[in-house]
Structures are given as structure tokens and as C-alpha cells.
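Residue-level listing of the chains:
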Amino acid sequence: EERSRDAELKSEELQAAKEDLEQKARELEQSSTYKSEFLANMSHELRTPLNSILLLSEMLLDDEEHGLSEEQKEFSKVIHSSGQDLLNLINDILDLSKVEAGKLEVSFEEVFLDEFTERIERQFAQAAKNKKIDFTVEKADDVTPIIYTDEQRLQQILKNLLSNAFKFTEKGSVSVKIEKANAKETIGCPLKGQSDAWVKFSVTDSGIGIPKDKQRMIFEAFQQVDGATMRKYGGTGLGLSISREFALLLGGVCKVESKEGEGSIFTLILPNLPDGYPSMAGFEVHD
Ligand code: ADP
């Protein structure tokens, strides 16, 4: 009899502990939702005054009539570019908090890779020229001419990878290659499917490289290789975590291979999803 009373007590204790845990999980989820909502509202409230700062400093710069002095022009430029930096940061925080809250929407559409390639080339031609770095964008002949994905998110990921490539490269080259991905390369993607249904975008640079032990953490929010790099190069440490989250949302993955002092290769592997994410014809979700 005593033994069964013991067992009863134990099961009551277990039940209480379980309820306690469930309550804690609900509280955590709730506070995480509050955090994301707070960030989203805050970002919105910050953007409104910032837009005035940007617009008015631009007007000052364009104002021929009142002729600003050189020094005044210089100050207006600083106001404008600092405002732009702040706006980029706010947009990044907003994107990341949306992903965390599961509120970032993706819309799948056809992306013509030839046009896409040309657009990237144009976008970074000036950066390449300014730094006297060789820049090539190349699409393999056997890769699909159209990939179904979210064009805006794809664009954002490549912009992040390419801005980094140019930022951390002083001489040599930056190149983008678009080709088929092989089955092994799709490891780490949330989806699995036939290997010819994947596209690989690689961004290769001959820059400073990333030490092996830092290659994982740079994909975490606000993480940079070291404080000194941050001061020298600026930036927020959000670009890669956004790229990684976006890649996952599109069913793919973003990875790095790099050697310190030699350069880096960032790859983005994406599934071609002609029927969009909900149906995912030809693909399965990994367990
Ligand atoms: P940010 O560039 O704003 O610092 P990211 O998340 O894009 O933020 O990158 C995080 C860090 O990863 C960078 O600060 C840098 O230390 C490292 N990194 C990213 N891309 C490269 C690259 N192509 N070459 C060398 N280091 C890089």
C-alpha cells in the first residue's frame, strides 16, 4: 500500500513539474512575441523621423539657390550618410525580428537569371571600379534560365554577400557564379529534392578571409570576426544572419568556406520551386 502511495505522490509531483514547465514555455513564447512586436513598432517609429532627416539633408545638398559653403555641404553629406546607415540598420533589425516572429512573408515568382545576373553586375560595377577589383558575374550554360523563388529576398542575400566581399577585399577579384548544385551541397537545406532542381550562387573573393573557428559564429546576429575588424570596416553584424534566415525561408542554405589571408567563398543553395512553397512539388521536408 505504501508503495502505491509513493507512486501516486511521484506521479503528482511529475504532473506538477510538467504543468510548471508548460507555463514557463507559454511565458517564454509570449515574451518573445512581445519582443518581436516591440522591435517592429519601434523600427516603424524610428523610420518616420529618419525619413525627414534624409529628405531634408538631400534638399540641402541639392539647393543651388542658397549656395551652401563647402563646409556646410560636407556637414550635410555626413548627416545624409549617417542617416542612411541608421536606416539600413533599422531595416535589418526589422527584417530579423519579422523572421523571428514568423511574420516575414515570402512570395515565389519566376526570376529570369540572365536579367538577374545583369542587374547584380550593374549594381556592383562602381564598387569594383572604386577599389580596382576584378569583378565578374557568370552563369553556367546548363543551369535553369528561370528559378522560382522570392526575388526580393534573393536580391537581398546576394547584396549582403557582395557588399561583404567588396568590403573585405583590397586587391584581386570578386566573382559570382550561378550553376547547378549537386546533391551533397544541398545538405543543411530544410527541403530535399532531385539534384537538378537546385541552383547554387557562389560569391568568391580574394580578401582577408575568415579564421576556421569564426566561420560558424559570423552567421549569428551582431557577430563579427573581431572588435578591431568592426571598428575598421564598420557594419552591424546582421547581414549574414539575415542572409542565413532568408535562405532557410526559401528552402535553401547559406554557407561559407574560407582561408585566412586568402579569401572566402560564400554559397547560397536554393531549390527551384515552380509551385511555390506550400505545394513543393518534387520536394520533401527533412525530418
Ligand atoms: P557586417 O558585414 O555588417 O559586419 P555580416 O553579418 O554581413 O555583418 O558579417 C559578419 C562578419 O563576418 C563581418 O563583420 C566579418 O568579420 C565577417 N565577414 C563576412 N563576410 C566576409 C568576407 N567576405 N571576408 C571576410 N570576412 C567576412
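Cut-offs applied
- Residues numbered from 1 in each chain as written.
- Predicted model: local features only at pLDDT ≥ 70, side-chain atom pairs only at ≥ 80, totals over all residues.
- Heavy atoms only, no water.
- Helix = DSSP H or I, 4+ residues; strand = E, 2+ residues; numbered from the N terminus.
- Buried < 20%, exposed > 50% of the residue type's maximum accessible area, 1.4 Å probe, protein only.
- Contact = heavy atoms within 4.5 Å.
- Pairing = 2+ DSSP bridges.
- Axes fitted to C-alpha atoms, helices over the stretch in contact; angles between N-to-C directions.

**Some details on unusual backbone geometry**
At K132, a position not held by glycine, the phi torsion is positive, near 55°. Along the polypeptide, K132 turns up in the loop between α3 (113-131) and β2 (134-139). One non-glycine residue, F222, lies in positive phi territory at about 65°.

**Overview of the environment of S97**
Within the secondary structure, S97 is located in helix α2 (residues 70-100). A relative accessible area of 3% means that S97 is categorised as buried. Taking the C-alpha atoms as reference, S97 lies 5.2 Å from S36; in sequence the two are 61 residues apart. Apart from the residues lying within four places of it in its own chain, the contact partners of S97 are S36, L39 and A40.

**As for the pairing of strand β8 (residues 263-271)**
Of all nine residues that make up β8, eight are buried, and the element is covered over most of its length. Sheet topology places strand β6 (residues 198-205) next to β8; eight bridges connect them, and they run antiparallel. Considered in β8, the bridge of T204 is made with I265. Across seven bridges, strand β7 (residues 253-259) lies against β8 in antiparallel orientation. Paired with V253 across the bridge in β8 is I269. Hairpin connection, β7 to β8: the antiparallel pair is bridged by three residues, and G261 has positive phi, about 85°.

**Overview of the sheet that holds β8**
Judged by pairing direction, the sheet is mixed, and its five strands sit side by side in the order β2-β4-β6-β8-β7 without closing on themselves. Every other strand in the sheet has two partners, leaving β2 and β7 as the edge strands with one partner each. Strand-to-strand, the axes of this sheet are offset by a mean angle of 10°, without reference to chain direction. Here α3 sits on the sheet and contacts β2, β4 (173-180) and β6; the angle it forms with β2, its principal contact strand, is near 175°.

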